[in-house]
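Tertiary structure, described
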Amino acid sequence: MIIVLLKTIVYFFLSIIYFYSITGYGKLLINPHYIRKDSFNFFELPIFGIIVHLIGGYLIYLTIGTNLFINTCILITGLFLFFFYKKELNKVNIKFVSLILFAIFIVLLISKTHEDFTLYHLFSISEIFNNQLRIGITKINLKFFSSSLLNFNQSLIVLPFFGFKIIHLPVFLIYFLTLGYFINNCLYTLKNNERFYSLMIIMVLLIKFNRLSEYGYDYISHFLLFIVFHKIYFYFFNEEELFKAIKIFILCVLIKPISLFFAPISLYIFYKYNIKFLFKLFLSKNLIISLMIIVMISSSFLRTGCIFYPVNSTCFSKDSVFWSEKKEVKEYSEFVSLWAKEFYNKEKSKYPKIEDKEIYKKNFKWFKYWVESHFFYKIFEFLMILISIILIIYTFLIREKPRIKKNFDNYFLLILSLLSVLFWLVTVPHFRFGISLIVIFIYLFFQTFLNLEIKLEKKKIFSLILFSLIILNVKNFDRINNEMSRTDIYKFNNFPFYNEIEIITNDQNFKKSKFFHIEIIR
(Lines give C-alpha, C1' and ligand atoms only; values in the text may rest on other atoms or scores of the structure.)
Protein backbone atom coordinates (compact mmCIF):
# COMPACT_ATOMS: atom_id res chain seq x y z
CA MET A 1 0.00 0.00 0.00
CA ILE A 2 2.82 2.40 0.86
CA ILE A 3 4.55 1.65 -2.45
CA VAL A 4 1.34 2.33 -4.36
CA LEU A 5 0.91 5.65 -2.52
CA LEU A 6 4.49 6.65 -3.28
CA LYS A 7 4.03 5.78 -6.97
CA THR A 8 0.89 7.93 -7.08
CA ILE A 9 2.65 10.88 -5.43
CA VAL A 10 5.58 10.56 -7.84
CA TYR A 11 3.13 10.41 -10.77
CA PHE A 12 1.42 13.58 -9.54
CA PHE A 13 4.65 15.53 -9.17
CA LEU A 14 5.89 14.23 -12.51
CA SER A 15 2.69 15.62 -14.03
CA ILE A 16 3.47 19.04 -12.54
CA ILE A 17 7.06 18.85 -13.77
CA TYR A 18 5.88 17.96 -17.27
CA PHE A 19 3.40 20.86 -17.19
CA TYR A 20 6.11 23.41 -16.37
CA SER A 21 8.55 21.88 -18.85
CA ILE A 22 5.98 22.24 -21.63
CA THR A 23 5.25 25.77 -20.41
CA GLY A 24 8.93 26.61 -20.75
CA TYR A 25 8.83 25.70 -24.44
CA GLY A 26 5.64 27.72 -24.85
CA LYS A 27 7.53 30.85 -23.75
CA LEU A 28 9.52 30.61 -26.98
CA LEU A 29 6.42 31.43 -29.05
CA ILE A 30 4.85 34.22 -26.98
CA ASN A 31 5.76 37.89 -27.23
CA PRO A 32 7.16 39.06 -23.84
CA HIS A 33 5.12 42.26 -24.12
CA TYR A 34 1.94 40.23 -24.47
CA ILE A 35 2.75 38.08 -21.41
CA ARG A 36 2.67 41.16 -19.23
CA LYS A 37 -0.83 42.18 -20.35
CA ASP A 38 -3.72 41.74 -17.91
CA SER A 39 -5.69 39.78 -20.53
CA PHE A 40 -2.96 37.13 -20.81
CA ASN A 41 -4.15 33.63 -19.90
CA PHE A 42 -1.27 31.63 -18.43
CA PHE A 43 -2.69 28.31 -19.62
CA GLU A 44 -2.09 29.31 -23.24
CA LEU A 45 1.67 28.90 -22.80
CA PRO A 46 1.69 25.09 -22.44
CA ILE A 47 -0.58 24.82 -25.49
CA PHE A 48 2.11 26.53 -27.55
CA GLY A 49 4.64 24.32 -25.79
CA ILE A 50 2.75 21.33 -27.19
CA ILE A 51 3.26 22.80 -30.66
CA VAL A 52 7.01 23.13 -30.06
CA HIS A 53 7.17 19.55 -28.74
CA LEU A 54 5.25 18.19 -31.72
CA ILE A 55 7.50 19.90 -34.25
CA GLY A 56 10.62 18.99 -32.26
CA GLY A 57 9.54 15.36 -31.87
CA TYR A 58 8.92 15.14 -35.61
CA LEU A 59 12.33 16.61 -36.49
CA ILE A 60 14.04 14.20 -34.08
CA TYR A 61 12.21 11.29 -35.72
CA LEU A 62 13.34 12.49 -39.16
CA THR A 63 16.98 12.77 -38.13
CA ILE A 64 18.66 11.15 -35.14
CA GLY A 65 15.77 9.27 -33.57
CA THR A 66 14.87 9.57 -29.91
CA ASN A 67 15.92 7.65 -26.82
CA LEU A 68 15.69 7.87 -23.03
CA PHE A 69 18.65 10.26 -22.75
CA ILE A 70 17.28 12.69 -25.35
CA ASN A 71 13.85 12.65 -23.71
CA THR A 72 15.33 13.37 -20.30
CA CYS A 73 17.32 16.29 -21.71
CA ILE A 74 14.20 17.69 -23.40
CA LEU A 75 12.26 17.53 -20.12
CA ILE A 76 15.05 19.28 -18.16
CA THR A 77 15.58 21.92 -20.85
CA GLY A 78 11.89 22.85 -20.66
CA LEU A 79 12.22 23.39 -16.90
CA PHE A 80 15.25 25.60 -17.48
CA LEU A 81 13.32 27.67 -20.03
CA PHE A 82 10.44 28.07 -17.59
CA PHE A 83 12.43 29.12 -14.53
CA PHE A 84 15.39 30.97 -16.05
CA TYR A 85 14.53 32.10 -19.59
CA LYS A 86 14.38 35.90 -19.82
CA LYS A 87 10.64 36.18 -20.48
CA GLU A 88 9.06 36.83 -17.09
CA LEU A 89 5.73 35.33 -16.10
CA ASN A 90 4.19 37.81 -13.69
CA LYS A 91 0.88 35.97 -13.34
CA VAL A 92 2.14 32.47 -12.64
CA ASN A 93 0.52 30.99 -9.57
CA ILE A 94 2.04 27.59 -8.85
CA LYS A 95 -0.45 26.94 -6.03
CA PHE A 96 -3.38 27.67 -8.38
CA VAL A 97 -2.06 25.32 -11.06
CA SER A 98 -1.28 22.57 -8.54
CA LEU A 99 -4.74 22.88 -6.96
CA ILE A 100 -6.56 22.44 -10.27
CA LEU A 101 -4.31 19.53 -11.20
CA PHE A 102 -4.89 17.87 -7.83
CA ALA A 103 -8.67 18.31 -8.21
CA ILE A 104 -8.78 16.38 -11.50
CA PHE A 105 -5.71 14.14 -11.16
CA ILE A 106 -7.94 11.13 -10.59
CA VAL A 107 -8.92 11.31 -14.29
CA LEU A 108 -5.35 10.24 -15.17
CA LEU A 109 -5.51 7.09 -13.02
CA ILE A 110 -6.80 4.42 -15.38
CA SER A 111 -6.42 0.69 -15.85
CA LYS A 112 -8.44 0.07 -19.02
CA THR A 113 -7.51 2.36 -21.90
CA HIS A 114 -9.74 3.15 -24.88
CA GLU A 115 -9.97 0.45 -27.53
CA ASP A 116 -7.95 2.13 -30.28
CA PHE A 117 -5.01 2.66 -27.92
CA THR A 118 -4.28 -1.06 -27.69
CA LEU A 119 -5.10 -1.66 -31.35
CA TYR A 120 -2.63 0.77 -32.88
CA HIS A 121 -2.02 4.02 -30.95
CA LEU A 122 0.59 2.50 -28.67
CA PHE A 123 2.37 0.87 -31.59
CA SER A 124 2.50 4.21 -33.42
CA ILE A 125 4.23 5.75 -30.40
CA SER A 126 6.54 2.75 -30.09
CA GLU A 127 7.41 3.02 -33.79
CA ILE A 128 8.42 6.67 -33.36
CA PHE A 129 10.42 6.06 -30.19
CA ASN A 130 12.26 2.96 -31.38
CA ASN A 131 13.07 4.02 -34.94
CA GLN A 132 14.29 6.86 -37.08
CA LEU A 133 12.38 7.81 -40.21
CA ARG A 134 10.84 4.82 -41.99
CA ILE A 135 9.06 5.72 -45.22
CA GLY A 136 5.77 4.02 -45.99
CA ILE A 137 5.06 3.03 -42.39
CA THR A 138 1.40 2.54 -43.29
CA LYS A 139 2.36 -0.76 -44.89
CA ILE A 140 2.90 -2.21 -41.43
CA ASN A 141 -0.71 -1.52 -40.52
CA LEU A 142 -3.14 0.52 -42.60
CA LYS A 143 -4.45 2.28 -39.48
CA PHE A 144 -1.07 3.97 -39.06
CA PHE A 145 -2.02 6.47 -41.77
CA SER A 146 -4.58 8.07 -39.43
CA SER A 147 -2.34 8.06 -36.36
CA SER A 148 -2.36 11.38 -34.56
CA LEU A 149 0.74 13.53 -34.81
CA LEU A 150 0.43 13.98 -31.06
CA ASN A 151 2.23 10.63 -31.05
CA PHE A 152 5.44 12.65 -31.51
CA ASN A 153 4.72 14.43 -28.21
CA GLN A 154 4.02 11.13 -26.51
CA SER A 155 7.24 9.60 -27.81
CA LEU A 156 9.12 12.34 -25.91
CA ILE A 157 7.58 11.36 -22.57
CA VAL A 158 9.04 7.84 -22.59
CA LEU A 159 11.42 8.25 -19.65
CA PRO A 160 13.89 6.20 -17.58
CA PHE A 161 12.27 4.03 -14.86
CA PHE A 162 8.82 4.70 -16.32
CA GLY A 163 9.15 3.58 -19.93
CA PHE A 164 5.79 3.88 -21.70
CA LYS A 165 3.79 4.01 -18.46
CA ILE A 166 3.15 7.77 -18.52
CA ILE A 167 2.53 8.36 -22.23
CA HIS A 168 -1.04 9.47 -21.49
CA LEU A 169 0.31 12.68 -19.95
CA PRO A 170 0.15 14.76 -23.18
CA VAL A 171 -3.47 13.69 -23.71
CA PHE A 172 -4.41 14.44 -20.10
CA LEU A 173 -2.51 17.72 -20.26
CA ILE A 174 -4.75 19.04 -23.04
CA TYR A 175 -7.82 18.24 -20.94
CA PHE A 176 -6.21 19.95 -17.95
CA LEU A 177 -5.12 23.00 -19.98
CA THR A 178 -8.58 23.48 -21.45
CA LEU A 179 -10.11 23.42 -17.97
CA GLY A 180 -7.42 25.72 -16.60
CA TYR A 181 -7.84 28.14 -19.50
CA PHE A 182 -11.57 28.56 -18.89
CA ILE A 183 -11.31 28.57 -15.08
CA ASN A 184 -8.73 31.34 -15.35
CA ASN A 185 -11.05 33.14 -17.76
CA CYS A 186 -13.98 32.89 -15.33
CA LEU A 187 -11.88 34.53 -12.63
CA TYR A 188 -10.36 37.41 -14.59
CA THR A 189 -12.73 38.42 -17.38
CA LEU A 190 -15.28 41.14 -16.71
CA LYS A 191 -17.64 40.17 -19.54
CA ASN A 192 -20.63 38.18 -18.34
CA ASN A 193 -21.28 36.50 -21.69
CA GLU A 194 -17.67 35.36 -21.82
CA ARG A 195 -17.90 34.04 -18.28
CA PHE A 196 -21.08 32.20 -19.20
CA TYR A 197 -19.42 30.44 -22.13
CA SER A 198 -16.37 29.59 -20.01
CA LEU A 199 -18.49 28.18 -17.19
CA MET A 200 -20.53 26.13 -19.65
CA ILE A 201 -17.37 24.53 -21.11
CA ILE A 202 -15.97 23.84 -17.63
CA MET A 203 -19.14 22.04 -16.56
CA VAL A 204 -19.39 20.07 -19.80
CA LEU A 205 -15.79 18.85 -19.45
CA LEU A 206 -16.11 17.98 -15.77
CA ILE A 207 -19.51 16.32 -15.92
CA LYS A 208 -19.44 14.57 -19.30
CA PHE A 209 -15.80 14.14 -20.41
CA ASN A 210 -14.25 12.98 -17.16
CA ARG A 211 -12.91 9.55 -18.12
CA LEU A 212 -9.50 9.41 -19.74
CA SER A 213 -10.21 5.79 -20.70
CA GLU A 214 -12.73 7.14 -23.23
CA TYR A 215 -10.31 9.55 -24.88
CA GLY A 216 -9.03 8.99 -28.33
CA TYR A 217 -7.36 11.91 -30.02
CA ASP A 218 -10.70 13.07 -31.41
CA TYR A 219 -11.91 14.29 -28.01
CA ILE A 220 -8.86 16.36 -27.16
CA SER A 221 -8.83 18.11 -30.53
CA HIS A 222 -12.40 19.21 -29.76
CA PHE A 223 -11.33 20.50 -26.35
CA LEU A 224 -8.83 22.81 -28.04
CA LEU A 225 -11.47 23.89 -30.55
CA PHE A 226 -13.48 25.28 -27.63
CA ILE A 227 -10.53 27.63 -27.04
CA VAL A 228 -10.29 28.50 -30.74
CA PHE A 229 -13.96 29.47 -30.80
CA HIS A 230 -13.53 31.51 -27.62
CA LYS A 231 -10.83 33.61 -29.23
CA ILE A 232 -12.72 34.01 -32.51
CA TYR A 233 -16.00 34.98 -30.88
CA PHE A 234 -14.92 37.11 -27.92
CA TYR A 235 -11.63 38.59 -29.24
CA PHE A 236 -12.41 39.13 -32.93
CA PHE A 237 -11.15 42.72 -32.53
CA ASN A 238 -7.70 41.55 -31.38
CA GLU A 239 -5.41 40.39 -34.19
CA GLU A 240 -2.90 38.88 -31.76
CA GLU A 241 -5.62 36.64 -30.31
CA LEU A 242 -6.82 35.66 -33.78
CA PHE A 243 -3.33 34.66 -34.86
CA LYS A 244 -3.11 32.50 -31.75
CA ALA A 245 -6.51 30.99 -32.60
CA ILE A 246 -5.22 30.06 -36.06
CA LYS A 247 -2.13 28.37 -34.58
CA ILE A 248 -4.23 26.37 -32.13
CA PHE A 249 -6.64 25.42 -34.93
CA ILE A 250 -3.76 24.08 -37.04
CA LEU A 251 -2.60 22.14 -33.95
CA CYS A 252 -6.09 20.61 -33.77
CA VAL A 253 -5.80 19.49 -37.40
CA LEU A 254 -2.37 18.01 -36.68
CA ILE A 255 -3.86 16.07 -33.77
CA LYS A 256 -6.87 14.95 -35.83
CA PRO A 257 -7.85 16.15 -39.33
CA ILE A 258 -11.54 15.85 -38.42
CA SER A 259 -10.99 19.27 -36.82
CA LEU A 260 -11.47 20.64 -40.34
CA PHE A 261 -15.21 20.33 -39.72
CA PHE A 262 -14.68 23.50 -37.69
CA ALA A 263 -13.50 25.38 -40.82
CA PRO A 264 -16.85 27.10 -41.64
CA ILE A 265 -16.89 28.65 -38.15
CA SER A 266 -13.34 29.93 -38.65
CA LEU A 267 -14.57 31.91 -41.68
CA TYR A 268 -15.99 34.36 -39.15
CA ILE A 269 -12.47 35.78 -38.82
CA PHE A 270 -12.39 36.72 -42.49
CA TYR A 271 -15.92 38.07 -42.35
CA LYS A 272 -14.84 40.50 -39.60
CA TYR A 273 -11.51 41.45 -41.16
CA ASN A 274 -12.20 41.00 -44.85
CA ILE A 275 -9.31 40.78 -47.29
CA LYS A 276 -6.88 42.81 -45.17
CA PHE A 277 -6.53 40.10 -42.57
CA LEU A 278 -5.95 37.48 -45.27
CA PHE A 279 -3.05 39.50 -46.67
CA LYS A 280 -1.61 40.07 -43.22
CA LEU A 281 -1.89 36.36 -42.45
CA PHE A 282 -0.03 35.25 -45.55
CA LEU A 283 2.51 38.05 -45.53
CA SER A 284 3.35 37.75 -41.83
CA LYS A 285 6.75 36.35 -40.93
CA ASN A 286 5.29 33.65 -38.73
CA LEU A 287 7.68 30.74 -38.96
CA ILE A 288 5.73 28.49 -36.61
CA ILE A 289 2.62 28.39 -38.82
CA SER A 290 4.79 27.47 -41.82
CA LEU A 291 6.53 24.72 -39.83
CA MET A 292 3.21 23.28 -38.69
CA ILE A 293 1.92 23.10 -42.24
CA ILE A 294 5.20 21.53 -43.43
CA VAL A 295 4.93 18.89 -40.69
CA MET A 296 1.33 18.17 -41.69
CA ILE A 297 2.12 17.73 -45.39
CA SER A 298 5.45 15.93 -45.10
CA SER A 299 4.29 13.45 -42.44
CA SER A 300 1.24 12.57 -44.52
CA PHE A 301 3.37 12.10 -47.64
CA LEU A 302 6.05 9.99 -45.94
CA ARG A 303 3.47 7.71 -44.37
CA THR A 304 0.93 7.34 -47.16
CA GLY A 305 2.19 8.92 -50.39
CA CYS A 306 -0.54 11.58 -50.06
CA ILE A 307 -0.02 15.32 -49.67
CA PHE A 308 -2.97 15.36 -47.27
CA TYR A 309 -4.46 11.90 -46.83
CA PRO A 310 -8.04 12.95 -45.86
CA VAL A 311 -8.37 14.34 -49.40
CA ASN A 312 -7.83 11.35 -51.67
CA SER A 313 -7.23 13.50 -54.75
CA THR A 314 -3.93 14.60 -53.15
CA CYS A 315 -2.63 11.02 -53.14
CA PHE A 316 -0.07 9.90 -55.72
CA SER A 317 -0.49 6.67 -57.63
CA LYS A 318 1.78 3.68 -56.93
CA ASP A 319 3.42 4.31 -60.31
CA SER A 320 4.59 7.74 -59.12
CA VAL A 321 5.22 6.97 -55.44
CA PHE A 322 5.73 3.26 -54.83
CA TRP A 323 4.73 3.37 -51.15
CA SER A 324 1.48 5.17 -51.97
CA GLU A 325 -1.64 3.81 -50.28
CA LYS A 326 -4.13 5.82 -52.35
CA LYS A 327 -6.55 2.99 -52.97
CA GLU A 328 -6.31 1.60 -49.44
CA VAL A 329 -6.74 5.03 -47.82
CA LYS A 330 -9.83 5.69 -49.93
CA GLU A 331 -11.33 2.31 -49.05
CA TYR A 332 -10.64 2.83 -45.36
CA SER A 333 -12.15 6.33 -45.45
CA GLU A 334 -15.30 4.92 -47.06
CA PHE A 335 -15.39 2.21 -44.41
CA VAL A 336 -15.21 4.81 -41.61
CA SER A 337 -17.98 6.85 -43.24
CA LEU A 338 -20.25 3.81 -43.48
CA TRP A 339 -19.36 2.79 -39.93
CA ALA A 340 -20.27 6.27 -38.66
CA LYS A 341 -23.58 6.01 -40.52
CA GLU A 342 -24.33 2.69 -38.76
CA PHE A 343 -24.11 0.51 -41.88
CA TYR A 344 -22.34 -2.24 -39.94
CA ASN A 345 -24.80 -2.05 -37.06
CA LYS A 346 -28.01 -2.24 -39.08
CA GLU A 347 -28.63 -5.90 -38.21
CA LYS A 348 -30.17 -4.80 -34.92
CA SER A 349 -32.42 -2.24 -36.59
CA LYS A 350 -36.21 -2.47 -36.83
CA TYR A 351 -36.01 -1.11 -40.37
CA PRO A 352 -35.55 -3.27 -43.51
CA LYS A 353 -31.91 -4.17 -44.06
CA ILE A 354 -30.05 -2.59 -46.98
CA GLU A 355 -27.05 -4.66 -48.04
CA ASP A 356 -25.88 -2.52 -50.96
CA LYS A 357 -23.50 0.18 -49.69
CA GLU A 358 -24.23 2.63 -52.50
CA ILE A 359 -28.00 2.38 -52.03
CA TYR A 360 -27.54 2.76 -48.27
CA LYS A 361 -25.62 6.03 -48.72
CA LYS A 362 -27.95 7.42 -51.38
CA ASN A 363 -30.61 10.06 -50.60
CA PHE A 364 -29.98 9.88 -46.83
CA LYS A 365 -31.41 6.35 -46.61
CA TRP A 366 -28.90 5.80 -43.80
CA PHE A 367 -30.32 8.59 -41.68
CA LYS A 368 -33.13 6.67 -39.95
CA TYR A 369 -30.72 3.85 -39.06
CA TRP A 370 -28.31 6.40 -37.67
CA VAL A 371 -31.01 8.12 -35.63
CA GLU A 372 -32.18 4.81 -34.20
CA SER A 373 -28.76 3.36 -33.37
CA HIS A 374 -26.49 6.34 -32.73
CA PHE A 375 -28.42 9.55 -32.18
CA PHE A 376 -30.55 8.22 -29.33
CA TYR A 377 -27.69 6.13 -27.98
CA LYS A 378 -24.96 8.79 -27.91
CA ILE A 379 -25.99 12.26 -29.03
CA PHE A 380 -29.42 12.67 -27.45
CA GLU A 381 -28.06 11.94 -23.97
CA PHE A 382 -25.28 14.49 -24.48
CA LEU A 383 -27.76 17.12 -25.72
CA MET A 384 -29.82 16.63 -22.55
CA ILE A 385 -26.72 17.08 -20.39
CA LEU A 386 -25.59 20.16 -22.35
CA ILE A 387 -28.99 21.85 -22.35
CA SER A 388 -29.43 21.05 -18.65
CA ILE A 389 -26.08 22.70 -17.89
CA ILE A 390 -27.07 25.83 -19.83
CA LEU A 391 -30.43 26.02 -18.07
CA ILE A 392 -28.83 25.45 -14.65
CA ILE A 393 -26.45 28.36 -15.26
CA TYR A 394 -29.29 30.60 -16.42
CA THR A 395 -31.56 29.58 -13.54
CA PHE A 396 -28.86 29.84 -10.90
CA LEU A 397 -27.48 33.17 -12.07
CA ILE A 398 -30.43 34.98 -13.65
CA ARG A 399 -30.83 38.64 -12.69
CA GLU A 400 -33.06 40.15 -15.37
CA LYS A 401 -35.82 39.13 -17.74
CA PRO A 402 -35.04 37.89 -21.27
CA ARG A 403 -34.15 40.66 -23.66
CA ILE A 404 -33.84 39.83 -27.35
CA LYS A 405 -31.15 41.75 -29.16
CA LYS A 406 -30.93 41.88 -32.90
CA ASN A 407 -27.33 41.17 -33.77
CA PHE A 408 -26.56 40.18 -37.35
CA ASP A 409 -23.11 38.88 -36.38
CA ASN A 410 -24.69 36.33 -34.06
CA TYR A 411 -27.07 35.13 -36.76
CA PHE A 412 -24.25 34.87 -39.26
CA LEU A 413 -22.05 32.91 -36.88
CA LEU A 414 -24.99 30.65 -36.02
CA ILE A 415 -25.38 29.88 -39.74
CA LEU A 416 -21.66 29.10 -40.04
CA SER A 417 -21.94 26.84 -37.01
CA LEU A 418 -24.90 25.07 -38.59
CA LEU A 419 -22.84 24.52 -41.75
CA SER A 420 -20.12 22.88 -39.65
CA VAL A 421 -22.70 20.56 -38.06
CA LEU A 422 -24.14 19.68 -41.50
CA PHE A 423 -20.63 19.08 -42.87
CA TRP A 424 -20.05 16.62 -40.03
CA LEU A 425 -23.49 15.04 -40.43
CA VAL A 426 -23.17 14.16 -44.12
CA THR A 427 -19.62 12.79 -43.87
CA VAL A 428 -18.82 10.96 -40.60
CA PRO A 429 -21.69 11.65 -38.16
CA HIS A 430 -20.19 9.88 -35.17
CA PHE A 431 -20.47 11.66 -31.81
CA ARG A 432 -16.73 11.82 -31.14
CA PHE A 433 -16.14 13.60 -34.48
CA GLY A 434 -18.60 16.43 -33.82
CA ILE A 435 -18.50 17.24 -30.10
CA SER A 436 -17.30 20.85 -30.31
CA LEU A 437 -19.57 21.61 -33.29
CA ILE A 438 -22.64 20.47 -31.36
CA VAL A 439 -21.69 22.42 -28.22
CA ILE A 440 -20.91 25.63 -30.14
CA PHE A 441 -24.13 25.44 -32.17
CA ILE A 442 -26.30 24.93 -29.07
CA TYR A 443 -24.49 27.74 -27.26
CA LEU A 444 -24.98 30.15 -30.18
CA PHE A 445 -28.63 29.14 -30.49
CA PHE A 446 -29.29 30.02 -26.85
CA GLN A 447 -27.14 33.13 -27.09
CA THR A 448 -29.05 34.35 -30.15
CA PHE A 449 -32.63 33.47 -29.31
CA LEU A 450 -32.54 33.44 -25.50
CA ASN A 451 -30.31 36.41 -24.89
CA LEU A 452 -30.66 36.80 -21.14
CA GLU A 453 -28.97 39.58 -19.25
CA ILE A 454 -27.22 37.81 -16.40
CA LYS A 455 -24.84 38.77 -13.68
CA LEU A 456 -22.27 36.11 -12.89
CA GLU A 457 -21.06 36.30 -9.32
CA LYS A 458 -17.77 34.63 -8.48
CA LYS A 459 -19.17 32.85 -5.43
CA LYS A 460 -21.89 31.21 -7.51
CA ILE A 461 -19.41 30.36 -10.25
CA PHE A 462 -17.23 28.63 -7.64
CA SER A 463 -20.28 26.75 -6.41
CA LEU A 464 -21.09 25.36 -9.85
CA ILE A 465 -17.45 24.45 -10.53
CA LEU A 466 -17.20 22.73 -7.15
CA PHE A 467 -20.44 20.86 -7.85
CA SER A 468 -19.01 19.67 -11.19
CA LEU A 469 -15.71 18.65 -9.58
CA ILE A 470 -17.58 16.55 -7.02
CA ILE A 471 -19.40 14.74 -9.84
CA LEU A 472 -16.08 14.12 -11.62
CA ASN A 473 -14.40 12.68 -8.55
CA VAL A 474 -17.38 10.57 -7.43
CA LYS A 475 -17.67 9.01 -10.90
CA ASN A 476 -13.95 8.29 -11.06
CA PHE A 477 -13.75 6.89 -7.54
CA ASP A 478 -16.56 4.54 -8.49
CA ARG A 479 -14.76 3.61 -11.72
CA ILE A 480 -11.48 2.88 -9.92
CA ASN A 481 -13.29 0.83 -7.29
CA ASN A 482 -14.91 -1.24 -10.04
CA GLU A 483 -11.57 -1.70 -11.81
CA MET A 484 -9.99 -2.86 -8.55
CA SER A 485 -12.74 -5.46 -8.19
CA ARG A 486 -12.52 -6.87 -11.71
CA THR A 487 -11.24 -10.38 -12.29
CA ASP A 488 -10.33 -10.08 -15.99
CA ILE A 489 -7.23 -8.56 -17.62
CA TYR A 490 -8.54 -5.04 -16.94
CA LYS A 491 -8.21 -5.43 -13.17
CA PHE A 492 -6.35 -2.42 -11.75
CA ASN A 493 -3.23 -4.30 -10.65
CA ASN A 494 -0.71 -1.74 -11.88
CA PHE A 495 -2.00 1.29 -9.95
CA PRO A 496 -1.60 4.19 -10.73
CA PHE A 497 -0.54 3.23 -14.28
CA TYR A 498 -2.62 1.69 -17.05
CA ASN A 499 -2.92 -2.07 -17.44
CA GLU A 500 -0.06 -3.59 -19.44
CA ILE A 501 -1.29 -7.20 -19.69
CA GLU A 502 -3.62 -6.31 -22.52
CA ILE A 503 -0.84 -4.32 -24.19
CA ILE A 504 1.48 -7.35 -24.19
CA THR A 505 -1.29 -9.59 -25.55
CA ASN A 506 -2.13 -7.20 -28.36
CA ASP A 507 1.57 -6.65 -29.08
CA GLN A 508 2.06 -10.39 -29.62
CA ASN A 509 -0.99 -10.60 -31.86
CA PHE A 510 0.15 -7.52 -33.74
CA LYS A 511 3.58 -8.99 -34.46
CA LYS A 512 1.95 -12.14 -35.83
CA SER A 513 -0.25 -10.18 -38.21
CA LYS A 514 0.33 -10.38 -41.95
CA PHE A 515 1.32 -6.69 -42.07
CA PHE A 516 4.23 -6.90 -39.69
CA HIS A 517 6.79 -8.61 -41.91
CA ILE A 518 6.43 -6.30 -44.90
CA GLU A 519 9.73 -4.54 -45.45
CA ILE A 520 9.71 -0.80 -44.91
CA ILE A 521 11.85 1.37 -47.16
CA ARG A 522 14.32 3.49 -45.24
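Read on for a plain summary of the structure.

Rules behind the numbers
Along every chain, residues carry numbers that run from 1 in the direction the sequence is written. In keeping with the model being predicted, local features are shown solely for residues with a pLDDT of at least 70 and side-chain atom pairs are shown and tallied solely at 80 or more, while totals for entire chains, interfaces and linings include all residues. Each side-chain value is worked out from all heavy atoms of the structure, with water and hydrogens disregarded. Axis angles are defined between N-to-C directions and span 0 to 180 degrees, where every axis is a line fitted to C-alpha atoms and, for a helix, only to the segment in contact. Put simply, DSSP marks the helices as runs of H or I at least four residues long and the strands as runs of E at least two long, and each gets a number from the N terminus on. Note on convention: the crossing is left-handed when the near helix lies turned anticlockwise from the far helix by less than a right angle, right-handed when the turn is clockwise. Whether two residues are in contact is decided by their heavy atoms: any pair within 4.5 Å suffices. Think of it in three bands: with a 1.4 Å probe and only protein chains considered, a residue is buried below 20% of the maximum accessible area for its type, exposed above 50%, and partly exposed in between. Among the buried residues, those of types Ala, Val, Leu, Ile, Met, Phe, Trp, Tyr and Cys that are joined through side-chain atoms within 4.5 Å form a nonpolar core. Pairs were defined over the aromatic rings of Phe, Tyr and Trp, the Trp ring being its six-membered one, requiring ring centres within 6.5 Å. Orientation was assigned from the angle between planes: stacked under 30 degrees, edge-to-face over 60, tilted for the rest.

**Concerning the packing of helix α10 (residues 217-234) against helix α18 (residues 435-449)**
Contact geometry for α10 and α18: axes closest at 8 Å, N-to-C directions at 35 degrees. Every pair of crossing elements has a handedness; the one defined by α10 and α18 is right-handed. Between α10, through Tyr219, His222, Leu225, Phe226, Phe229, Tyr233 and Phe234, and α18, the contact on the second element is made entirely by Ile435, Ser436, Val439, Ile440, Tyr443, Leu444 and Gln447.

**Describing the side chain of Ser417**
Note that Ser417 resides in helix α17 (residues 408-427). Looking at Ser417, the relative accessible area reads 0%, which means it is buried. Setting aside anything within four residues of it in sequence, one finds Ser417 in contact with Ile265, Leu437, Ile440, Phe441 and Leu444.

**Overview of the nonpolar core**
The biggest cluster of nonpolar side chains holds 170 residues, and the ones touching the most others in it are Ile104, Phe176, Met200, Phe229, Phe262 and Trp424. The element best represented in this core is helix α8 (residues 169-188), accounting for 14 residues. Residue contacts for Trp424: discarding those within four places in its chain leaves Phe261, Trp370, Ile379, Pro429, His430, Phe431, Phe433, Gly434, Leu437 and Ile438. Ranked by size, the runner-up nonpolar core spans 7 residues in total, among them Val52, Ile60, Ile74 and Leu81.

**Thoughts on the packing of aromatic side chains**
Summed over all chains, the structure comprises 63 aromatic pairs. Here Phe19 and Phe43 contribute two aromatic rings whose centre-to-centre distance is 6.2 Å and whose plane-to-plane angle is 55 degrees, an arrangement assigned as tilted. Of this pair, Phe19 sits in helix α1 (residues 2-26) while Phe43 is found in the loop between α2 (32-35) and α3 (44-62), placing the two residues 24 residues apart along the sequence. With respect to class, Phe19 is no different from Phe43; both count as buried. Ring plane angle 40 degrees and centroid distance 6.5 Å describe the contact between Tyr20 and Phe83, whose orientation is recorded as tilted. On the criterion of sequence distance, the pair formed by Tyr20 in helix α1 and Phe83 in helix α4 (residues 68-84) is long-range, its members being 63 residues apart. Members of the aromatic cluster, connected to one another through ring pairs, are Phe19, Tyr20, Phe42, Phe43, Phe82, Phe83, Phe96, Phe172 and Phe176.

**Structural notes on the environment of Leu437**
Here Leu437 is to be found in helix α18. Residue Leu437 is classed as buried on the basis of its relative accessible area, which comes to 0%. Separated by 16 residues in sequence, Leu437 and Val421 have C-alpha atoms that sit 5.8 Å apart. The contact partners of Leu437, leaving out residues within four places of it in the chain, are Phe261, Phe262, Ile265, Ser417, Ser420, Val421 and Trp424.

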